[in-house]
Amino acid sequence: MTVSGANEIGELSVSDRLKDNYEHYYEEGESEWRWLSSVAKVKNILALCDRYPHKSILEVGSGDGSILQRMSDLGFGERLDSLEISRSAVETILHRNIGSLVDCRLFNGYDIPYEDNQFDLVILSHVVEHLEF
């Protein structure tokens, strides 16, 4: 597995206010509430996406990694990748030792640091409401 630093591709980046809000947000580690929520979320992901290719999956805004962990435990996706704006989230995800996780990166919140069409499926769960406009 690789761990990469913040992506500096574009000029856009999440505001310092938003970055600061989430920088320490996941320091408590895994959350039972997030894990319980992930069970229903992944059930919906499987119901909606199982018939589509899903060998490689990117989750943008992975939080503490609960959804990634659940998908890995169920064998949904051979390769899981994660993008997060929060260093504490990346650390929490890495401490989970998720079997199918290949890459977990900090990013600037705007520029996806992967080639187009690299993933079969991209997941954003409870992310859009946090976007800055």
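Note that the coordinates shown come from a computational prediction; the quantities given were computed from them, not determined experimentally.

Among the residues of helix 3 (residues 66-74), Ser66, Ile67, Leu68, Gln69, Met71 and Ser72 are the ones counted as buried. Buried residues in helix 3 make contact with helix 2 (32-49), strand 2 (56-60), strand 3 (79-84), helix 4 (87-95), strand 4 (101-106) and strand 5 (121-123). Following helix 3 by one or two positions, glycine 75 adopts a phi angle in the positive range, close to 75°.

Looking now at the confidence of the model for the protein. Scored by pLDDT, the protein has a mean of 85; 84% of the residues are at 70 or more. Segment residues 1-10: pLDDT under 50, and 26 contacts once partners within four positions in sequence are set aside and those in other chains are kept.

A separate point is the packing of helix 2 against helix 3. Between helix 2 and helix 3, whose axes approach to 8 Å, the crossing angle comes to 55°. By the angle between their directions, the pair helix 2 and helix 3 is classed as oblique. For the crossing formed where helix 2 meets helix 3, the hand is right-handed. Residues Arg34, Trp35, Ser38, Val39, Lys41, Val42, Ile45 and Leu46 of helix 2 pack against Ser66, Ile67, Gln69, Arg70, Met71, Asp73 and Leu74 of helix 3. Of the residues belonging to the contact of helix 2 with helix 3, the class tally is eight nonpolar, three polar and four charged.

The next subject is unusual backbone geometry. We note that asparagine 97 has phi near 55°; this positive angle belongs to a residue other than glycine. One can find asparagine 97 in the loop between helix 4 and strand 4. In this structure, asparagine 117 takes a positive phi of about 65° despite not being glycine. Tracing the chain through its elements places asparagine 117 in the loop between strand 4 and strand 5. On the accessibility criterion, asparagine 117 (78% relative accessible area) is exposed.

The next thing to look at is the packing of aromatic side chains. What describes a pair of aromatic rings is the distance from one ring centre to the other and the angle between the planes of the rings. One pass over the full model with this rule turns up one aromatic pair. Between the aromatic rings of tyrosine 114 and phenylalanine 119, the centroid separation amounts to 4.9 Å while the plane-to-plane angle is 90°, which identifies the pairing as edge-to-face. For the pair tyrosine 114 and phenylalanine 119, a shared accessibility class is recorded, and that class is buried.

The rules behind the values
- Residues numbered from 1 in each chain as written.
- Predicted model: local features only at pLDDT ≥ 70, side-chain atom pairs only at ≥ 80, totals over all residues.
- Heavy atoms only, no water.
- Buried < 20%, exposed > 50% of the residue type's maximum accessible area, 1.4 Å probe, protein only.
- Helix = DSSP H or I, 4+ residues; strand = E, 2+ residues; numbered from the N terminus.
- Contact = heavy atoms within 4.5 Å.
- pLDDT = per-residue confidence, 0-100.
- Axes fitted to C-alpha atoms, helices over the stretch in contact; angles between N-to-C directions.
- Parallel < 35°, antiparallel > 145°, perpendicular 65-115°, else oblique.
- Left-handed = near helix turned anticlockwise from the far one by under 90°.
- Nonpolar A, V, L, I, M, F, W, Y, C, P; charged D, E, K, R; others polar.
- Phe/Tyr/Trp six-rings, centres within 6.5 Å; stacked < 30°, edge-to-face > 60°.

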